[in-house]
Amino acid sequence: MNKHKYQIELVTAKNSSPSLVVSAADGAAKALHSLYDPEAEAAAIVSGFEFNGKGVLVILGLGLGYHIKALISKYPDAEFIIVEPDQKIFEFAKEHSPLKENFNSLNIIAGKKSDEVLSTISKLQIKSGMKQVSYFRFAPEVSIFAHYFEPIIKALNISISVKLWEKLRYKKFSDTRVRILLIDQRYFLTREVERAAEANGHIVEKVSLSKGEVTGDMLPRLLKKIVEYKPDFIMTLNHLGFDEDGIIASFLESIDMPVASWYVDSPDLIVKSFNKNALPNIHLFIWDKHYIKSMKEIGFEFVDYLPLAVDEDIFKPIKLSRNDLKKYGAEISFVGNSMVRPYRESIDKIPQSIHKIVEDIASDLCHARALLDDLLHEHREALTKLDQSGKIAFNAAVLWKATMLYRTGLVNSLSSFNPVVYGDAGWKSLLSRSIQLKGQVHYYTELPLLYNASKINFNATSLQMPGAVNQRVFDVPACRAFLLTDAQESVAELFEPGHEVITYSSKEEAVDLAKYYLENDNIRMTVAERAYARVLNEHTYKHRMLYVVKRIKAVYS
């Protein structure tokens, strides 16, 4: 922060205590502490400072810490945040402060820009449970670094004057129209959730979280939205926006803010690093009921099963043009990720010595469709050396490799029908030569056309879903199109197998069913029509959001 505008010099006071002198470029010099008795001076300054001793006290200016020692002694129950603009002063304090033995335990923000200081203060305040904030000016430094401290003091004065704590705590669900604050990182389901909630008559506001942005940087925007918008609950997907240390979750609990977190990917690959988020205000919705038990074991009190659904305004029957039929028409089509890249990214994060175990478990998982936890138990000794992040990477590598093997085997078994695969370049090394590979398709603009144009839309579920069905099981029927999918456990809970949806349990059965339904157009179209009716009546995102709001209101209102 110094930028060479000031010279900082360590001097010795009359009583042999260290002090600091700051000299400006024009030669004017100012001592930060008494040149006679720094401790007596600090005691006198602090004795005249009025503070109720509760909450958070922000100390503006570190110096050598004499005043801080006096403040800590006077207010032992307070939490302290110390702001120091100059890195050199900070370094002097580490060596010569009367607090140097406890220096590392202090919350010191040193050498940061003013806006970074305010962001950090917000995070620390939230971590403390949004306690009341006051501040102490260390006059010599506030005078020297006036330009630096001015925006910080202004922001603190606003925070104190508006009584932020009172504005953050308010009565929820006081109106029939629910107000939802949606954390938006442009995840594919955010749009569907927003549209469905609004279609149900509720009000949705979003707080943006950029990809790669540190979660804590969202805090000022989150606070602003809560104060201005007063949501009844916050909703997120896959726990986006929450930190591993549970700071945001704890803050939201402290202001009695319910949170609905809808998992549409394996929570084992996400929330096991977030177990500090297992608080009573966090309500999980899980798209695969097999994960409910493990989430409750982590400590989440409220966990509900909530399958995926469809946005029927996007996926619907479409009158196709000749160009559409030429571009997307196929006897059988498959859309999906080869999982080559996710597998490589995960396997690179774990020691090479256990790569073979990954391959073995993935093979077993693919062929037996057993539960991953059961297979991992057999190799528990080899995995004991992995830390939590290593275990998550290991689990991910197994799931992605198993899915790769599973999908490749199924799609290649259909090669006699000349299927068309839409996906990533990883498929090139996996597919039989007779199978045509096309590029990836845009979910919202191209996929509805593809589903409408294919006689059979083939589906092979990712093995991160032990029992759940994926998006395709709802999107294809909503197009009044035919789906051939694997016999996931939850299919029978959502549709009538054999009547509304056709499932296979092996490669051989998939081939036989594909042949039968390609040869029987009327039967194929009848099945598609039944599934279409079921989806519109029970499985849209409007239905899912009705359930989310109902459950959140039942638990938290």
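Up top is the structure these notes are about.
Residue numbers restart at each chain and count upward from 1, following the sequence in its written direction. Under the rules for a predicted model, residues below a pLDDT of 70 receive no local features and side-chain atom pairs below 80 are neither given nor counted, while totals for whole chains, interfaces and linings still include all residues. The basis for the side-chain values is all heavy atoms of the structure; hydrogens and waters are excluded.

## Some words on the pairing of strand β11 (residues 259-263)
Point 1. Buried means the residue's accessible area, taken with a 1.4 Å probe over protein chains only, is under 20% of the maximum for its type, while exposed means over 50%, and partly exposed covers the values in between. Comment: elements are numbered from the N terminus, with helices defined as DSSP H or I runs of at least four residues and strands as E runs of at least two. For β11, the tally of buried residues reaches five of five residues, placing the bulk of the element in the interior.
Point 2. With burial as the criterion, each face of β11 is covered, one bearing V259, S261 and Y263 and the other bearing A260 and W262.
Point 3. Two strands make a pair as long as DSSP finds a minimum of two bridges between them. Pairing of strand β10 (residues 233-237) with β11 involves four bridges; the strand directions are parallel. Following the sheet pairing, T236 is matched in β11 by S261.
Point 4. With strands facing away from the observer, any crossover in which the path from the first strand over the helix to the second runs clockwise is taken as right-handed. Note on the crossover from β10 through helix α10 (residues 247-254) to β11: the handedness is right-handed.
Point 5. For β11 and strand β12 (residues 282-286), the ladder comprises five bridges, and the chain directions are parallel. Within the sheet, the bridge partner assigned to W262 lies in β12 and is F285.

## Re the environment of L279
Point 1. With respect to the secondary-structure elements, L279 resides in the loop between β11 and β12.
Point 2. By relative accessible area, L279 is classed as buried at 16%.
Point 3. As a C-alpha pair, L279 and S250 span 29 residues in sequence and 7.5 Å in three-dimensional space.
Point 4. Should any heavy atoms of two residues lie within 4.5 Å, those residues are considered in contact. Those residues in contact with L279, other than ones at most four positions away along the chain, are A249, S250 and E253.

## Comments concerning unusual backbone geometry
Point 1. Although it is not a glycine, S16 sits at a positive phi angle of roughly 80 degrees.
Point 2. Along the chain, the position of S16 falls in the loop between β1 (6-12) and β2 (18-24).
Point 3. Non-glycine residue N238 carries a positive phi angle of around 55 degrees.
Point 4. Here N238 is to be found in the loop between β10 and α10.
Point 5. For N238, a relative accessible area of 8% translates into the label buried.

## Points about helix α3 (residues 87-96)
Point 1. Taken residue by residue, α3 has I89, F90, F92 and A93 as its buried positions. Looking straight down α3, one finds that the buried residues subtend no more than 160 degrees of arc, so they occupy a single side.
Point 2. Those residues of α3 hidden inside the fold are in contact with β1, β2, β5 (79-84), β6 (107-110) and α5 (139-144).
Point 3. Any pair of N or O atoms that falls within 3.5 Å is considered a polar contact. Within protein, one atom must be able to donate a hydrogen and the other to accept it, and sequence-neighbouring residues count only if both atoms are side-chain atoms. If you check the start of α3, you find a side-chain oxygen 2.8 Å away from the backbone N of K88, and it comes from D86. Within this analysis, the arc is defined by the directions that extend from the helix axis to the C-beta atoms.

## Remarks on the pairing of strand β13 (residues 302-305)
Point 1. Of the pairings in the sheet, the one linking β12 to β13 comprises four bridges and is parallel in character. Bridged to I286 within β13 is Y305.
Point 2. Remark: the β12/helix α11 (residues 292-298)/β13 crossover connection has right-handed handedness.

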